[in-house]
Amino acid sequence: MDKRRTTSEIKTFSFNALEGTVVGGSSTAKNFEFRDLSAQPSVSSKPNPKIIRSEREAEAKTQFKIDSAVRDLRGLTGQERDDLENSINSQVEKRLKEIRDEAYREGLEKGRMEGADAALQEAMAAHEQQIQAVEGMVVDLRTQCETRLENHRHDIYEMSKRLLKWLVLKEVQDDGYVPKLLEKLILEMNQRQNLIIRVNHADFAHMPAVVEALEKRVGNLPNVRIEPDMDMKGRGIILETENGILDATTDALFQTIDKIYESVVNHGR
């Protein structure tokens, strides 16, 4: 016989109660009541939305699929429907906001363009009035100028003629005037012989030297005669040749100027 079996302590087994607590090794039992299985369980409260969302996330990450009835009872289906509706509403609101903003910008830009066009039209109208006013001033000024010019045309011509004669007198007083004039007259007549040169009494004494200097430039001048002209008041030369006479005295030049201005004045009238 095994000694371990004979020496082991034997204890009394007591059954745990399905309901209640065990006190001092003894248990208190209550009568079990059968419930109507056909009655629908009443759901007093749903799980926390955070728990439902965590269950949905866990389902999405794993291959585990929750039964549709369980999803409805737990509230997963409702939460998905609410999330979908919220997402749709958010997208709709976002799109509506974009449409409103775009319409606002278009309206603002259109208003700005219309305002700019109106301002431009107003500025152009004012500018047109200014142009017309300036044109009127120009026409009026032109009329006044023409009237004054017509009234003082003769005085203007006389002043211009006197100025020109004054410039001629200044040029005539130059010491090189008579030599240059004689050279120009000989070249214009294209004749170098049988010449009669008439000058005033003051220039007569200098003419031989003038003719000698001129021959060095244009060539020999045979049969040249120099005569003083007592009737010549100003400086100048009267050149007589076989082809004709050239009067280049100051008086003749002034007469030419008078004729030119007289023809201009008559033409202006």
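Refer to the structure presented above.
Given the structure is predicted, the values throughout are model-derived calculations rather than measurements. (Residues numbered from 1 in each chain as written. Predicted model: local features only at pLDDT ≥ 70, side-chain atom pairs only at ≥ 80, totals over all residues. Heavy atoms only, no water.)

A. Local environment of the nonpolar core. Membership of the largest hydrophobic core comes to 25 residues, with the highest contact counts inside it found for Leu182, Leu185, Ile186, Ile197, Met207, Ile237 and Leu239. Elements supplying a minimum of two residues to this core: helix H4 (76-172), helix H5 (177-189), strand S3 (195-199), helix H7 (207-218), strand S5 (236-241), strand S6 (244-249) and helix H8 (250-268). It is H5 that contributes the most residues to this core, 7 residues altogether. (Core = buried A, V, L, I, M, F, W, Y, C linked by side-chain atoms within 4.5 Å. Buried < 20%, exposed > 50% of the residue type's maximum accessible area, 1.4 Å probe, protein only. Helix = DSSP H or I, 4+ residues; strand = E, 2+ residues; numbered from the N terminus.)

B. Layout of the packing of H5 against H7. Orientation of H5 relative to H7, taken along the N-to-C sense of each, is 50°, at an axis distance of 10 Å. Comparing the axis directions of H5 and H7 gives the class oblique. Between H5 and H7 lies a crossing whose hand is right-handed. Every residue of H7 that contacts H5 at Val178, Pro179, Leu182, Glu183, Ile186 and Leu187 is listed here: Met207, Val210, Val211, Leu214, Arg217 and Val218. Per-class residue counts for the contact of H5 with H7 are 10 nonpolar, no polar and 2 charged. (Axes fitted to C-alpha atoms, helices over the stretch in contact; angles between N-to-C directions. Parallel < 35°, antiparallel > 145°, perpendicular 65-115°, else oblique. Left-handed = near helix turned anticlockwise from the far one by under 90°. Contact = heavy atoms within 4.5 Å. Nonpolar A, V, L, I, M, F, W, Y, C, P; charged D, E, K, R; others polar.)

C. Examining the environment of Leu169 more closely. Tracing the backbone through its elements, the reader meets Leu169 in helix H4. Residues Leu169 and Phe254, 85 residues apart in the sequence, show an inter-C-alpha distance of 9.9 Å. When residues no more than four places from it in sequence are discounted, the contact partners of Leu169 are Thr250 and Phe254.

D. Focus on the sheet that holds S3. Strand order in this open sheet of 4 strands is S4-S3-S5-S6, and the pairing throughout is mixed. This sheet does not close on itself; its edge strands, each paired only once, are strand S4 (224-228) and S6. When the angles between neighbouring strand axes are averaged without regard to direction, this sheet yields 15°. With 6 bridges joining them, S5 and S6 adopt antiparallel strand pairing. Looking at S6, one finds that Ile238 is bridged to Asp247. Strands in contact with H5 are S3, S5 and S6; relative to S5, the strand with the most contacts, it is inclined by about 25°. (Pairing = 2+ DSSP bridges.)

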